[in-house]
Amino acid sequence: MTSSAENTINDHVLVYCRPELLYKFWLNLENLPLFMEHLKEVRKKDELNSTWTAKAPLGASVSWEATIMEKVPNEKIVWQSLPNSDVYNYGRVSFKYAIICEDPLPIYATLLEVFILYKPPLGTLGEKISSFFGENPKQQISIDLKSLKEGIENNKYMV
(Lines give C-alpha, C1' and ligand atoms only; values in the text may rest on other atoms or scores of the structure.)
Protein backbone atom coordinates (compact mmCIF):
# COMPACT_ATOMS: atom_id res chain seq x y z
CA MET A 1 0.00 0.00 0.00
CA THR A 2 1.34 3.43 -0.89
CA SER A 3 1.23 6.54 1.28
CA SER A 4 -0.24 9.80 0.00
CA ALA A 5 3.27 10.95 -1.00
CA GLU A 6 3.82 7.86 -3.20
CA ASN A 7 2.51 7.63 -6.73
CA THR A 8 2.26 4.75 -9.16
CA ILE A 9 2.26 4.70 -12.91
CA ASN A 10 1.13 1.76 -15.04
CA ASP A 11 1.23 2.08 -18.80
CA HIS A 12 1.88 0.02 -21.89
CA VAL A 13 2.44 0.29 -25.63
CA LEU A 14 2.59 -2.19 -28.51
CA VAL A 15 5.80 -1.74 -30.48
CA TYR A 16 6.32 -3.42 -33.84
CA CYS A 17 9.71 -5.02 -33.21
CA ARG A 18 10.96 -8.14 -31.49
CA PRO A 19 11.39 -8.10 -27.68
CA GLU A 20 15.14 -8.74 -27.88
CA LEU A 21 15.67 -5.51 -29.85
CA LEU A 22 13.56 -3.41 -27.49
CA TYR A 23 15.17 -5.00 -24.42
CA LYS A 24 18.66 -4.27 -25.75
CA PHE A 25 17.70 -0.65 -26.53
CA TRP A 26 16.16 -0.07 -23.05
CA LEU A 27 18.99 -1.83 -21.20
CA ASN A 28 21.37 0.76 -22.61
CA LEU A 29 20.08 3.27 -20.05
CA GLU A 30 21.78 6.16 -21.82
CA ASN A 31 19.13 5.74 -24.57
CA LEU A 32 16.27 6.64 -22.22
CA PRO A 33 16.58 10.46 -22.57
CA LEU A 34 16.13 10.01 -26.35
CA PHE A 35 12.42 9.42 -25.80
CA MET A 36 11.79 10.42 -22.17
CA GLU A 37 11.33 14.16 -22.35
CA HIS A 38 11.71 14.76 -18.60
CA LEU A 39 15.14 13.08 -18.46
CA LYS A 40 18.20 15.21 -19.11
CA GLU A 41 20.75 12.42 -18.76
CA VAL A 42 21.34 8.88 -17.58
CA ARG A 43 24.98 7.87 -17.04
CA LYS A 44 25.92 4.25 -16.51
CA LYS A 45 28.54 3.75 -13.81
CA ASP A 46 28.76 -0.01 -14.39
CA GLU A 47 26.47 -2.82 -15.53
CA LEU A 48 24.02 -2.28 -12.66
CA ASN A 49 24.44 1.26 -11.34
CA SER A 50 23.63 4.61 -12.91
CA THR A 51 23.08 8.31 -12.21
CA TRP A 52 19.86 9.89 -13.45
CA THR A 53 19.19 13.61 -13.93
CA ALA A 54 15.67 14.85 -14.62
CA LYS A 55 14.08 18.22 -15.32
CA ALA A 56 12.25 19.91 -12.47
CA PRO A 57 9.98 22.98 -12.37
CA LEU A 58 11.46 26.45 -12.93
CA GLY A 59 14.38 25.12 -14.99
CA ALA A 60 15.84 23.21 -12.05
CA SER A 61 16.97 19.60 -12.16
CA VAL A 62 17.06 16.70 -9.74
CA SER A 63 19.46 13.73 -9.69
CA TRP A 64 19.51 10.30 -8.10
CA GLU A 65 21.44 7.08 -8.10
CA ALA A 66 19.75 3.86 -9.19
CA THR A 67 20.60 0.21 -9.49
CA ILE A 68 19.23 -2.59 -11.64
CA MET A 69 17.91 -5.18 -9.21
CA GLU A 70 16.90 -7.81 -11.74
CA LYS A 71 17.18 -8.36 -15.45
CA VAL A 72 15.78 -11.27 -17.38
CA PRO A 73 17.08 -11.10 -20.95
CA ASN A 74 14.38 -10.06 -23.42
CA GLU A 75 11.69 -10.21 -20.68
CA LYS A 76 12.12 -7.61 -17.93
CA ILE A 77 14.29 -5.05 -16.18
CA VAL A 78 13.69 -4.01 -12.55
CA TRP A 79 15.39 -1.01 -10.93
CA GLN A 80 15.32 1.04 -7.75
CA SER A 81 16.85 4.29 -6.59
CA LEU A 82 19.52 3.96 -3.94
CA PRO A 83 18.95 5.03 -0.31
CA ASN A 84 19.30 8.77 0.33
CA SER A 85 18.43 9.65 -3.28
CA ASP A 86 16.57 12.93 -3.90
CA VAL A 87 13.90 10.96 -5.75
CA TYR A 88 12.78 7.55 -4.51
CA ASN A 89 11.60 5.33 -7.33
CA TYR A 90 11.13 1.68 -8.11
CA GLY A 91 10.28 0.48 -11.58
CA ARG A 92 9.79 -2.49 -13.81
CA VAL A 93 9.61 -2.73 -17.57
CA SER A 94 8.39 -5.96 -19.18
CA PHE A 95 8.81 -7.04 -22.78
CA LYS A 96 6.12 -9.50 -23.89
CA TYR A 97 6.33 -11.21 -27.25
CA ALA A 98 3.27 -10.67 -29.45
CA ILE A 99 2.32 -11.85 -32.91
CA ILE A 100 -0.20 -9.80 -34.81
CA CYS A 101 -1.97 -12.02 -37.31
CA GLU A 102 -2.18 -10.41 -40.71
CA ASP A 103 -2.33 -11.80 -44.24
CA PRO A 104 -0.18 -13.13 -45.70
CA LEU A 105 2.45 -13.18 -42.91
CA PRO A 106 2.33 -12.53 -39.16
CA ILE A 107 3.84 -9.32 -37.80
CA TYR A 108 6.08 -9.58 -34.74
CA ALA A 109 5.67 -7.09 -31.93
CA THR A 110 6.41 -6.43 -28.26
CA LEU A 111 3.92 -5.45 -25.62
CA LEU A 112 6.00 -3.10 -23.48
CA GLU A 113 4.58 -2.68 -19.96
CA VAL A 114 5.91 -0.11 -17.50
CA PHE A 115 5.26 0.11 -13.77
CA ILE A 116 6.81 2.91 -11.68
CA LEU A 117 6.41 3.73 -8.00
CA TYR A 118 7.89 7.09 -7.01
CA LYS A 119 7.91 9.74 -4.32
CA PRO A 120 8.21 13.27 -5.67
CA PRO A 121 10.93 15.47 -4.16
CA LEU A 122 9.42 17.42 -1.24
CA GLY A 123 6.60 14.84 -1.03
CA THR A 124 3.07 16.12 -1.49
CA LEU A 125 4.34 19.71 -1.76
CA GLY A 126 6.61 18.72 -4.65
CA GLU A 127 3.69 17.01 -6.36
CA LYS A 128 1.54 20.13 -6.02
CA ILE A 129 4.33 22.37 -7.35
CA SER A 130 4.76 20.07 -10.37
CA SER A 131 1.02 20.05 -11.02
CA PHE A 132 0.96 23.84 -10.81
CA PHE A 133 3.53 23.95 -13.61
CA GLY A 134 1.51 21.51 -15.71
CA GLU A 135 3.72 18.48 -15.18
CA ASN A 136 1.82 15.22 -14.88
CA PRO A 137 4.13 12.17 -14.61
CA LYS A 138 1.43 9.71 -15.74
CA GLN A 139 0.79 11.77 -18.85
CA GLN A 140 4.54 12.20 -19.43
CA ILE A 141 5.12 8.43 -19.40
CA SER A 142 2.28 7.90 -21.87
CA ILE A 143 3.79 10.49 -24.22
CA ASP A 144 7.27 9.00 -23.71
CA LEU A 145 6.07 5.50 -24.63
CA LYS A 146 4.41 6.80 -27.78
CA SER A 147 7.66 8.57 -28.66
CA LEU A 148 9.60 5.33 -28.13
CA LYS A 149 7.15 3.42 -30.33
CA GLU A 150 7.44 5.99 -33.11
CA GLY A 151 11.24 6.15 -32.86
CA ILE A 152 11.72 2.37 -32.93
CA GLU A 153 9.18 1.70 -35.68
CA ASN A 154 10.55 4.49 -37.89
CA ASN A 155 14.19 3.49 -37.32
CA LYS A 156 14.95 6.81 -35.63
CA TYR A 157 16.92 5.01 -32.91
CA MET A 158 19.76 2.60 -33.51
CA VAL A 159 18.80 -0.75 -32.02
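As the structure is a computational prediction, the values presented were derived from the model and not from experiment.

Overview of helix 4 (residues 137-153)
Argument step 1. Between the first and last C-alpha of helix 4 there are 24 Å, a value that for 17 residues agrees with the 24 Å anticipated at 1.5 Å per step.
Argument step 2. Looking only at helix 4, the buried set comprises Ile-141, Asp-144, Leu-145, Leu-148, Gly-151 and Ile-152. Mapping the buried residues of helix 4 onto a view down its axis gives an arc of 130°, with all of them on the same face. Every exposed residue of helix 4 that faces more than 90 degrees away from the buried side is listed here: Lys-146 and Glu-150.
Argument step 3. Here the buried face of helix 4 lies against strand 1 (7-15), helix 1 (19-27), helix 2 (32-35) and strand 7 (107-119).
Argument step 4. Where helix 4 terminates, the next one or two residues include Asn-155, which has phi positive at roughly 55°.

With respect to the nonpolar core
Argument step 1. Judged by nonpolar contacts, the single largest core of 35 residues is most densely connected at Trp-26, Leu-112 and Leu-148.
Argument step 2. The dominant element in this core, judged by the number of residues it contributes, is helix 1, at five residues.
Argument step 3. With residues up to four places along the chain from it excluded, the contact list for Trp-26 reads Leu-32, Phe-35, Met-36, Ile-77, Val-93, Phe-95, Leu-112, Val-114, Leu-145 and Leu-148.

Some thoughts on the pairing of strand 2 (residues 39-44)
Argument step 1. Across five bridges, the pairing between strand 2 and strand 3 (residues 49-55) is antiparallel. Pairing of Glu-41 across the sheet is with Thr-53, part of strand 3.
Argument step 2. With antiparallel pairing between neighbouring strands as the criterion, strand 2 and strand 3 make up a hairpin whose turn holds four residues.

As for the confidence of the model for the chain
Argument step 1. Averaged over all residues, the pLDDT of the chain is 86; the fraction at 70 or higher stands at 86%.
Argument step 2. Scored below 50 in pLDDT, residues 124-134 shows 12 contacts in the model against residues more than four places distant or in partner chains.

Considering the sheet that holds strand 7
Argument step 1. Read across the sheet, seven strands follow the order 1-7-6-5-4-3-2 without closing on themselves; strand pairing throughout is antiparallel. The open sheet has two edge strands, strand 1 and strand 2, and neither has a second partner. On average, adjacent strands in this sheet sit at an angle of 20° to one another, irrespective of strand direction.
Argument step 2. Two strands pair when backbone bridges link them, and strand 6 (residues 88-100) and strand 7 are joined in this way by 13 bridges, in the antiparallel orientation. From the neighbouring strand, Ser-94 faces strand 7, where its bridge partner is Glu-113.
Argument step 3. Sheet strands touched by helix 1: strand 1, strand 2, strand 4 (61-72), strand 5 (76-81), strand 6 and strand 7. Its angle to strand 6, the strand with the most contacts, is close to 160°.
Argument step 4. Across the face of the sheet, helix 4 comes into contact with strand 1 and strand 7 while running at roughly 20° to strand 1.

Conventions and cut-offs
- Residues numbered from 1 in each chain as written.
- Predicted model: local features only at pLDDT ≥ 70, side-chain atom pairs only at ≥ 80, totals over all residues.
- Heavy atoms only, no water.
- Helix = DSSP H or I, 4+ residues; strand = E, 2+ residues; numbered from the N terminus.
- Expected span 1.5 Å × (residues − 1).
- Buried < 20%, exposed > 50% of the residue type's maximum accessible area, 1.4 Å probe, protein only.
- Arc of directions from axis to C-beta.
- Contact = heavy atoms within 4.5 Å.
- Core = buried A, V, L, I, M, F, W, Y, C linked by side-chain atoms within 4.5 Å.
- Pairing = 2+ DSSP bridges.
- pLDDT = per-residue confidence, 0-100.
- Axes fitted to C-alpha atoms, helices over the stretch in contact; angles between N-to-C directions.

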